[in-house]
Amino acid sequence: MLDAAMKRFLVSAVLVSGLLTATNAGAYEPGNQALQLWNDEGIANSPQWVQTWLMVMLASFAVGLLFVWKRVEARWVVGGFITAILLSRLGIPALGIVKLSGLVALVHLIFWSPGLYLLLKNRPFLTERSFYALWSALITVVILFSFIFDVRDAVIYLDYVLGLGLISA
């Protein structure tokens, strides 16, 4: 199933996510920027293109369910997506952590990276001609495009939470 290195990675990711907390929830506005609350109101306040992108992402990850029983890349992509959703929707609030957009971006980076790594390593989108190959190309682009924003937001969030003041000051 999971090799020892991947198990250590996942355990470390969960621990790091739990340690990175922001306080004083009343000081934040809902929205999609790194230091804004990412909740239902934040999603509703986001620009239309962000809301559309969220639906494209959800649909793209959902199609991966068709392949999880036969393809390791799909298992890691869908598993990472489900883990990120569960942590964002249930775990972060249960721990009393303020769910800022930058924290959600960090969760994406942590849990989507193993699937992206396998997609880029195995490149089924280049070696096959199938619906799976088409999906693997689509989901690779979806994750990479999302990471453009997630990396920026996660860095801003980490700078803020760690009190470095290099970016978020």
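Note that the coordinates shown come from a computational prediction; the quantities given were computed from them, not determined experimentally.

A.B. asks: Can you help me understand the overall build of the protein in this one?
C.D. replies: Across its full length, the protein holds seven helices and zero strands. The linear arrangement of helices and strands in the protein, starting from the amino end, is α-α-α-α-α-α-α. Per-residue burial over the protein gives 42% buried out of 169 residues. Considering only intrachain contacts with a sequence separation of at least 6, the fraction spanning at least 24 residues in the protein is 66%. For the protein, the accessible surface area stands at approximately 9,400 Å², while carbon and sulfur atoms represent 68% of it.

A.B. asks: Even after reading the chapter, I still don't get the packing of helix α5 (residues 101–122) against helix α7 (residues 131–161), so can you show me in this structure?
C.D. replies: In a pair of packed helices, the angle between the axes and the distance between the axes together describe the arrangement. Interhelical geometry of α5 versus α7 gives an angle of 145° and a closest axis separation of 8 Å. α5 and α7 meet at a crossing whose hand is left-handed.

A.B. asks: Just checking my understanding: could you explain the side chain of Lys-99 for this structure?
C.D. replies: Tracing the backbone through its elements, the reader meets Lys-99 in the loop between α4 (72–94) and α5. A polar contact is formed between the side chain of Lys-99 and the backbone oxygen of Ser-88, at a distance of 3.4 Å. In contact with Lys-99, other than residues within four places in its own chain, are Gln-36, Leu-37, Trp-38, Ser-88, Arg-89, Ile-92 and Val-104.

A.B. asks: In this structure, what is going on with α7? I would like to understand it.
C.D. replies: Owing to its 3.6 residues per turn, the α-helix aligns residues three or four sequence positions apart on the same side. The terminal C-alpha atoms of α7, which comprises 31 residues, lie 42 Å apart, in line with the 45 Å expected from a rise of 1.5 Å per residue. Just downstream of α7, Gly-163 is the residue with a positive phi angle, here 70°.

A.B. asks: I keep staring at a nonpolar patch on the surface and nothing clicks. Help me out?
C.D. replies: Together, Val-151, Val-155, Leu-162, Leu-164, Leu-166 and Ile-167 make up a nonpolar patch on the protein surface, roughly 580 Å² of accessible area in all. Take Val-155: it is sitting in helix α7. You can call Val-155 partly exposed: its relative accessible area is 39%.

A.B. asks: Got a minute to help me understand the nonpolar core in this structure?
C.D. replies: Within soluble globular proteins, side chains that are nonpolar tend to cluster in buried spots. Phe-61, Val-77, Trp-112, Trp-135, Ile-139 and Ile-143 are the most contacted members of the largest nonpolar core, which has 35 residues in total. No other element matches the ten residues that α5 contributes to this core. In this structure Val-77 touches Phe-61, Gly-115, Leu-119, Trp-135, Ile-139 and Ile-143, once residues within four positions along its chain are discounted.

A.B. asks: Where do I start with helix α3 (residues 48–63) in this structure?
C.D. replies: With 16 residues, α3 should cover 22 Å at 1.5 Å per step; its first-to-last C-alpha distance of 23 Å lies within 8% of that length. Taken as a whole, α3 has its buried residues at Val-50, Trp-53, Met-57, Ser-60 and Phe-61. The buried residues of α3 occupy an angular sector of 90° when the element is viewed end-on, so they sit on one face. Among the exposed residues of α3, those oriented more than 90 degrees off its buried face are Gln-48 and Met-55.

A.B. asks: What is the right way to read the packing of α3 against α7 from this model?
C.D. replies: Their axes nearest at 10 Å, the elements α3 and α7 cross at an angle of 140°. α3 and α7 meet at a crossing whose hand is left-handed. On the side of α3, the interface is formed by Trp-49, Trp-53, Met-57, Ser-60, Phe-61 and Val-63, while α7 contributes Phe-131, Trp-135, Leu-138, Ile-139, Val-142, Ile-143, Phe-145, Ser-146 and Phe-149. A per-class count over the contact of α3 with α7 returns 13 nonpolar, two polar and no charged.

About the thresholds
Sequence order as written defines residue numbering, which begins from 1 separately in each chain. Selection of residues for local features in this predicted model requires a pLDDT of at least 70, selection of side-chain atom pairs for listing and counting requires 80 or more, and totals for whole chains, interfaces and linings are taken over all residues. Based on all heavy atoms of the structure, the side-chain values leave hydrogens and waters out of the count. Think of it this way: any DSSP run of H or I at least four residues long counts as a helix, any run of E at least two long counts as a strand, and we number them from the N terminus. Between buried and exposed lies partly exposed: a residue is buried under 20% and exposed over 50% of the maximum accessible area for its type, with that area taken using a 1.4 Å probe on protein chains only. Whether two residues are in contact is decided by their heavy atoms: any pair within 4.5 Å suffices. For the accessible areas, the method is Shrake-Rupley and the probe is 1.4 Å, while residue cover comes only from the protein chains on display. Orientation is described by axes fitted as lines to C-alpha atoms, over the contacting stretch for helices, and by angles from 0 to 180 degrees between their N-to-C directions. Here is the rule for handedness: rotate from the far helix to the near one, and if that takes an anticlockwise turn smaller than a right angle the crossing is left-handed, while a clockwise turn gives right-handed. Pairs of N or O atoms within 3.5 Å make up the polar contacts considered here, provided that, within protein, one atom can donate a hydrogen while the other can accept it, and that residues adjacent in sequence are counted only when both atoms are side-chain atoms. By this rule the span expected of a helix is its residue count minus one, scaled by 1.5 Å. Residues forming no salt bridge and having over 30% relative accessible area are the ones grouped into patches, like charges within 9 Å of each other and nonpolar side chains (Val, Leu, Ile, Met, Phe, Trp, Tyr) within 5 Å. Put simply, a salt bridge is a Lys or Arg side-chain nitrogen that is within 4 Å of an Asp or Glu carboxyl oxygen. Within this scheme, the nonpolar core is defined by two criteria: the residues are buried Ala, Val, Leu, Ile, Met, Phe, Trp, Tyr or Cys, and they are joined through side-chain atoms within 4.5 Å. Arc definition: directions from the helix axis to the C-beta atoms. Under the grouping applied here, Gly and all other residues not named as nonpolar or charged are polar, the nonpolar ones being Ala, Val, Leu, Ile, Met, Phe, Trp, Tyr, Cys and Pro and the charged ones Asp, Glu, Lys and Arg.

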